[in-house]
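Structural overview for review
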Number of protein chains: 2
Amino acid sequence: MNASCNLIKHLKENNFSCTETRKLLFHVIDEHIQHHFDADELFQLIVADDLPISRASMYRTLSIFETIGIIRKVQFTDRHAHYEYICHRNLHGHTICTKCKQVVSFHNQTIDKLIKELAEEQGLSYFSHTLEIIGMCRKCLSER
Amino acid sequence: MNASCNLIKHLKENNFSCTETRKLLFHVIDEHIQHHFDADELFQLIVADDLPISRASMYRTLSIFETIGIIRKVQFTDRHAHYEYICHRNLHGHTICTKCKQVVSFHNQTIDKLIKELAEEQGLSYFSHTLEIIGMCRKCLSER
DNA sequence: TTACTTGCAAAACGTTTGCAAGTGC
DNA sequence: GCACTTGCAAACGTTTTGCAAGTAA
């Protein structure tokens with residue numbers, strides 16, 4: 001289990017009780033999820049592991065995990081929600097080319113630090129962020 | 001109308017015809033939208049202005065506007081899509097509270113500048129960006 | 001003991017689609 | 001004239017909810 005992410009502590013701090021369902025679901029996420037996932041992928045894992053968790057409970061639990069900051073929603077291009085397991089704290093941004101749609105990840109500590117400072121300035125207790133930069137990559141630029 | 005955003009040109013370049021519905025909808029967005037909006041807000045504007053545009057057409061048109069780069073989807077924490085009117089080039093970030101879901105916009109020139117520099121460093125000809133900071137707001141933090 | 005949590009099935013939600021009529025070029 | 005676009009209503013897939021039974025503290 002990811003040491004930085006103490007489920008029980010997070011639940012207690014937010015007055016949620018620590019149930020079997022929540023522990024099981026957290027375990028599935030912590031064990032299988034690298035970056036992001038959607039609800040149905042997660043439910044397939046639940047089915048594969050034959051866990052006693054219904055779709056309804058999964059959704060209710062995801063909502064709680066989001067509230068206590070264990071996961072967060074991210075937007076891709078399809079209709080349903082995707083989630084990111086925050087505990088990995090994999091801070092990174094993306095550049096996206098408007099033409100070829102290529103997505104490139106990057107890390108930049110200066111910006112990460114500034115963003116954290118800005119969060120506090122705005123009165124927000126920082127959990128995570130996403131940064132997406134839209135533009136045109138060199139290749140597409142030269143092909144115009 | 002925003003001079004930087006020529007609807008007819010955008011449509012033609014992408015082989016979409018220039019219909020009354022598309023012109024009307026663009027006008028509504030260009031006139032009323034400051035930052036971001038969701039489909040229902042937009043439909044309320046359509047109803048208020050008594051425009052002959054159905055929900056179905058609005059969704060179909062939004063999808064086209066997204067394709068031709070007039071708007072883009074942004075993710076907040078709720079289920080439905082939010083859009084951002086790109087033409088305003090209104091660079092700003094959002095803070096989002098994990099608990100109460102409140103979204104607050106902010107401007108920060110230092111970060112905007114850094115992000116532009118970073119884009120060039122990454123080989124991207126900068127067009128725009130989105131920055132979303134996730135955390136818990138003071139109010140929710142104090143209510144825990 | 002008492003409030004919270006669960007599974008089930010049904011409902012709700014935002015969005016998409018098939019179709020026939022209408023419009024742009 | 002012909003392909004594209006529209007409104008309508010029905011369908012879609014995801015997520016939420018009411019309820020009765022079960023569980024945590």
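In what follows, the accompanying structure is described. Numbering of residues begins from 1 in every chain and follows the order in which that chain's sequence is written. Following the order in which they are written, the chains are lettered starting with A and the ligands numbered starting with 1. Only residues with pLDDT of at least 70 get local features here, since the model is predicted, and only at 80 or more are side-chain atom pairs given and counted; chain-wide, interface and lining totals rely on the full set of residues. Note that the side-chain values use all heavy atoms of the structure and ignore hydrogens as well as water.

1. Some points on the relation of the copies chain B and chain A
To be explicit about the condition: When the copies are superposed, the least-squares fit takes in the C-alpha atoms of residues with a pLDDT of at least 70 in both. Here a residue-residue contact requires only that any non-hydrogen atoms of the pair lie within 4.5 Å.
By a simple turn and slide, chain B fits onto chain A: the slide is 0.5 Å along the axis, the RMSD is 2.9 Å, and the turn is 176°. The superposition operator between the copies reduces to a two-fold rotation axis. Counting the interface residues of chain B, we find that 89% of their copies in chain A are interface residues as well, pointing to one common contact surface.

2. Section: the protein's contact with DNA strand D
Put simply, the rule is: Summary of the distance rule: residues count as near a molecule or strand when at least one heavy atom falls within 4 Å of that molecule or strand. In the analysis that follows, any N or O atom pair within 3.5 Å is treated as a polar contact, provided that within protein one partner can donate a hydrogen and the other can accept it, and provided that, for residues neighboring in sequence, both atoms belong to side chains. Secondary structure elements are taken from DSSP: a helix is a run of H or I of four residues or more, a strand is a run of E of two residues or more, and numbering for both begins at the N terminus. Any residue that is not Ala, Val, Leu, Ile, Met, Phe, Trp, Tyr, Cys, Pro, Asp, Glu, Lys or Arg is counted as polar, Gly included; the first ten are nonpolar and the last four charged.
Taken together, 19 residues lie around DNA strand D, and Tyr59 of chain A together with Arg22, Pro52, Ser54 and Ser57 of chain B are the ones closest in. Of what DNA strand D places within 4 Å of the protein, 68% of the atoms are sugar or phosphate. Here Ser17 of chain B contributes a side-chain N or O atom positioned 3.2 Å from a phosphate oxygen of DNA strand D. Within the side chain of Thr19 of chain B, one N or O atom sits 2.8 Å away from a phosphate oxygen of DNA strand D. Every element with two or more residues in the surface near DNA strand D is listed here: helix H4 (55-67) of chain A together with helix H2 (20-32) and helix H4 (55-67) of chain B. A breakdown of the residues in the surface near DNA strand D according to their chemical character gives 8 nonpolar, 6 polar and 5 charged.

3. Brief notes about the pattern of salt bridges
Residues and elements named next belong to chain B. Rules: Any Lys or Arg side-chain nitrogen found within 4 Å of a carboxyl oxygen on Asp or Glu counts as a salt bridge. For the exposure calls, accessible area comes from a 1.4 Å probe over protein chains only, and a residue counts as buried if that area is under 20% of its type's maximum, exposed if over 50%, partly exposed in between.
Under the criterion given, the structure shown has 8 salt bridges over all chains. Between Lys9 and Glu13 there is a salt bridge whose closest N-O contact spans 3.7 Å. One end of the pair, Lys9, and the other, Glu13, are both in helix H1 (residues 7-13), 4 residues apart, so they sit about a helical turn from each other. Since its relative accessible area comes to 55%, Glu13 is described here as exposed. Close ionic contact of Glu66 with Lys73 constitutes a salt bridge, the shortest N to O distance being 4.0 Å. We classify Glu66 as partly exposed; its relative accessible area is 30%. Lys73 sits in the partly exposed class, given a relative accessible area of 24%.

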